[in-house]
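The residues making up each chain are set out below.
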Amino acid sequence: MTKKCLGCGALFQSKYPDKEGYVALNDLKEATVCRRCFRIKNYGDYQVINKNSKEYKKMFDEVKDKHDMILYLCDILNLDDNINEINDFNGSVILVITKIDLLPKSVKEKKLNDYIRKNYKINVIDIVFVSSKKNYNIDLLLELIKKHTKQKNVYLVGNTNAGKSTLINALVKANGINNKVDITTSFLPATTLDFIKVNLNDNITLIDTPGTICNDNFLYNEKPNVVKNVSSKVEIKPRTYQIKPNESIIIGDYARLDYFGTEKNSFTIYLSNEVKVKRIKLNTNDYLRNLKITNFDLEDNKDIVISGLCFCKITKEAKVNVYTKENVKVFSRNNLI
Ligand SMILES: Nc1nc2c(ncn2[C@@H]2O[C@H](COP(=O)(O)OP(=O)(O)OP(=O)(O)O)[C@@H](O)[C@H]2O)c(=O)[nH]1
Ligand SMILES: [Mg+2]
């Protein structure tokens, strides 16, 4: 009988140590997780599995065609137009905004809810803001799932790292029936490799899916030590700068914002607390100016978002040049906060 890894969903195999699902032949009978999951869970060690992004896309498209309940997860720090793809799903969708513990507590859920409803035209049963880490709104989501699930299956979809596997572990724990579930989670992309079915109760099965890989996200092009550095683990302390015309903000070794305005402006950066930010006079140096440039001519109350790295709230109208690595998506949107 073919066995699947309970941590990542990969089929077990004993032939190729570098490929997904590897378990040494001697351990095959007893093993519940593959060697990669065992190492992530026990040593925080991570083995990158090179899976073709087409394979992920195929799995995602498969779920789009289903008429089951869908939980579409979006990390609050990664909110962008991609969530409009919710309307492509045949099933009924609950939008779950994750990692809400990373925003300052002063940010009101109602305001975020109104923002999403106003800025994205999505067809959802509800929007729920959760933190699996702080067990926030997990019971509320559990109730909604039980209330709206008509067929047995509930699929969790969304970008890689959105927190799907962490949320399933939290939902199952909160439900209190099946307490052996421990899907592998990690701060690096592409942790879950195949569908993983978890029975919530006799009527509902939660199905974890491998996250979509967006190659234009800062995180997906960086080495593990950089990903670790820029991934927020605790509440972000926003950093506000009163910027004068012809000043620049340097974000770690990753991005630069040059400000060309006519008057003083306020820039508030939401970024991992571990990344250093410096303000300099524009012409002090050319650091990071060799990177891709994106020009913005913004009205007042806009955010500049560097996908996967940070967002910067700018109060007044502004001309800003942003420098980032070539394939990273940079865009503006209305102020989220
Ligand atoms: N601060 C915070 N971090 C979270 C929360 N939920 C998940 N994370 C972290 O986010 C990272 C990704 O979580 P996963 O559950 O592995 O994400 P995933 O969506 O299953 O990712 P893939 O399997 O790659 O598709 C891990 O480092 C988690 O600890 C949360 O509520 N708050
Ligand atoms: Mg996962």
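In this numbering scheme, every chain counts its residues from 1 along its sequence in written order. Going through the entries in the order they are written, you letter the chains from A and number the ligands from 1. Given that this is a predicted model, residues contribute local features only at a pLDDT of at least 70 and side-chain atom pairs are listed and counted only at 80 or more, while totals for whole chains, interfaces and linings are drawn from all residues. For the side-chain quantities, the full set of heavy atoms in the structure was used; hydrogens and water were omitted.

Participant: Please set out the pattern of salt bridges residue by residue, giving values where relevant.
Facilitator: Throughout this description, the term salt bridge denotes a Lys or Arg side-chain nitrogen within 4 Å of a carboxyl oxygen of Asp or Glu. Scanning all chains against the criterion turns up 18 salt bridges. With a shortest N-O distance of 3.5 Å, glutamate 263 and lysine 316 are connected by a salt bridge. Separated by 53 residues along the polypeptide, glutamate 263 in the loop between strand E9 (255–260) and strand E10 (265–271) and lysine 316 in the loop between strand E14 (310–314) and strand E15 (318–324) bring together distant segments of the chain. Relative accessibility under 20% of the residue-type maximum defines a buried residue, over 50% an exposed one, and the middle range a partly exposed one, all with a 1.4 Å probe and only protein chains included. Its relative accessible area of 43% is what places glutamate 263 among the partly exposed residues. Look at the salt bridges and you will find they share partners, linking Lys57, Asp61, Lys64 and Asp88 into a network. Each helix corresponds to a stretch of at least 4 residues labelled H or I by DSSP, and each strand to a stretch of at least 2 residues labelled E; elements are numbered beginning at the N terminus.

Participant: Just give me the short version of the sheet that holds strand E12 (residues 292–298), but keep the residues and values in it.
Facilitator: Two strands are said to pair when DSSP picks up at least two bridges between them. Pairing in this open sheet of five strands is antiparallel, and the strands run E11-E8-E9-E15-E12 from one edge to the other. In this open sheet, the two edge strands, each paired with only one partner strand, are strand E11 (277–281) and E12. Strand-to-strand, the axes of this sheet are offset by a mean angle of 20°, without reference to chain direction. Bridge count between E12 and E15: seven bridges; the pairing is antiparallel. Bridging from a neighbouring strand, leucine 298 pairs with alanine 318 of E15. Where helices are involved, their axes are fitted lines through C-alpha atoms of the stretch in contact, as for all axes, and angles between N-to-C directions lie from 0 to 180°.

Participant: Could you give me a rundown of the side chain of serine 131, with the residues and numbers involved?
Facilitator: Inspection of the secondary structure assignment puts serine 131 in the loop between strand E3 (126–129) and helix H4 (138–148). A 3.5 Å cut-off defines polar contacts: any pair of N or O atoms within that distance qualifies, except that in protein one atom must be a possible hydrogen donor and the other a possible acceptor, and neighbouring residues in sequence count only when both atoms are side-chain atoms. Of note is the side chain of serine 131, whose polar atom sits 2.8 Å from the side chain of aspartate 101. The contact definition used throughout considers only heavy atoms, calling two residues in contact when any of these lie within 4.5 Å. Those residues in contact with serine 131 that sit more than four places away from it in its chain are Ile100, Asp101, Tyr136 and Ile138.

Participant: Residue-level account of the packing of aromatic side chains, with values.
Facilitator: Two rings belonging to Phe, Tyr or Trp (six-membered ring only in the last case) form a pair when the distance between their centres is within 6.5 Å. Interplanar angles under 30 degrees mark stacking, angles over 60 mark edge-to-face geometry, and anything in between is tilted. Counted according to the given criterion, the structure contains seven aromatic pairs. Here the aromatic rings of phenylalanine 60 and phenylalanine 89 are separated by 5.5 Å at their centres, their planes lie at 85°, and the arrangement is edge-to-face. On the criterion of sequence distance, the pair formed by phenylalanine 60 in helix H2 (residues 53–64) and phenylalanine 89 in the loop between strand E1 (69–75) and strand E2 (93–98) is long-range, its members being 29 residues apart. When sorted by exposure, phenylalanine 60 lands in the same class as phenylalanine 89, which is buried. In this structure an aromatic cluster arises from ring pairing among Phe60, Tyr72 and Phe89. Charge over a ring is defined by NZ of Lys or CZ of Arg lying within 6 Å of the ring centre and within 35 degrees of the ring normal. A cation over a ring is seen here: lysine 329 above phenylalanine 331, with NZ or CZ 5.3 Å from the ring centre. One Lys or Arg, arginine 333, reaches over the ring of phenylalanine 311 and ends 4.8 Å from the middle of that ring.

Participant: I'd like a description of unusual backbone geometry, backed by residues and values.
Facilitator: Look at asparagine 137: it is not a glycine, yet its phi comes out positive at around 65°. With respect to the helices, strands and loops of the structure, asparagine 137 is situated in the loop between E3 and H4. The class for asparagine 137 is buried, based on a relative accessible area of 19%. For asparagine 301, which is not a glycine, the phi torsion comes out positive at approximately 55°. Structurally, asparagine 301 can be placed in the loop between E12 and strand E13 (302–306). Judged by its relative accessible area of 40%, asparagine 301 is partly exposed.

Participant: Would you mind going over the site of ligand 1 in detail, with residue names and values included?
Facilitator: Every one of the 23 residues lining ligand 1 counts as a neighbour, but Asp101, Thr160, Lys164, Thr166 and Thr192 are closest to it. Glycine 163 places a polar main-chain atom, nitrogen or oxygen, 2.9 Å from an oxygen atom of ligand 1. In isolation ligand 1 has 650 Å² of accessible area, and contact with the protein removes 90% of it. The nonpolar class holds Ala, Val, Leu, Ile, Met, Phe, Trp, Tyr, Cys and Pro. Asp, Glu, Lys and Arg form the charged class, and all remaining residues, Gly among them, are polar. Its residues assigned to classes, the shell around ligand 1 shows five nonpolar, 13 polar and five charged. Here a residue is considered near a molecule or strand provided that any single heavy atom belonging to it is located within 4 Å of it. Here, Shrake-Rupley sampling with a 1.4 Å probe gives the accessible areas, and only protein chains in the shown set may cover a residue.

Participant: Can you lay out the domain arrangement of the chain for me, pointing to particular residues and giving the numbers?
Facilitator: Each domain of the chain was delimited in the assignment, giving domain 1 (1–48), domain 2 (51–214) and domain 3 (239–334). Each domain's limits were defined by an automated method or a database of domain assignments. Distance from the C-alpha centre of domain 1 to the C-alpha centre of domain 2: 25 Å. Contacts between domain 1 and domain 2 engage twelve residues on the former and 15 residues on the latter. Carbon and sulfur atoms make up 50% of the surface buried where domain 1 meets domain 2, a total of about 1,000 Å² over both sides. In this structure, the connection of domain 1 to domain 2 is made through one salt bridge. Its salt-bridge partner being lysine 41, residue aspartate 182 comes within 3.5 Å of it at the nearest N-O pair. Once two parts are brought into contact, the accessible area they lose, counted with a 1.4 Å probe and summed over both, makes up the buried area.

Participant: Describe the packing of H4 against helix H5 (residues 164–175), and please don't skip the residues or the numbers.
Facilitator: In a pair of packed helices, the angle between the axes and the distance between the axes together describe the arrangement. At a closest axis distance of 10 Å, the pairing of H4 and H5 adopts a crossing angle of 85°. Considering the angle they form, H4 stands roughly perpendicular to H5. Of the residues in H5, those touching H4 at Ile138, Asp139, Leu141, Leu142, Ile145 and Lys146 are Leu167, Ala170, Leu171, Ala174 and Asn175. Grouping the constituent residues of the contact of H4 with H5 by class yields eight nonpolar, one polar and two charged. In this scheme, roughly parallel covers angles under 35 degrees and roughly antiparallel covers those over 145, while 65 to 115 is roughly perpendicular and the rest are oblique.

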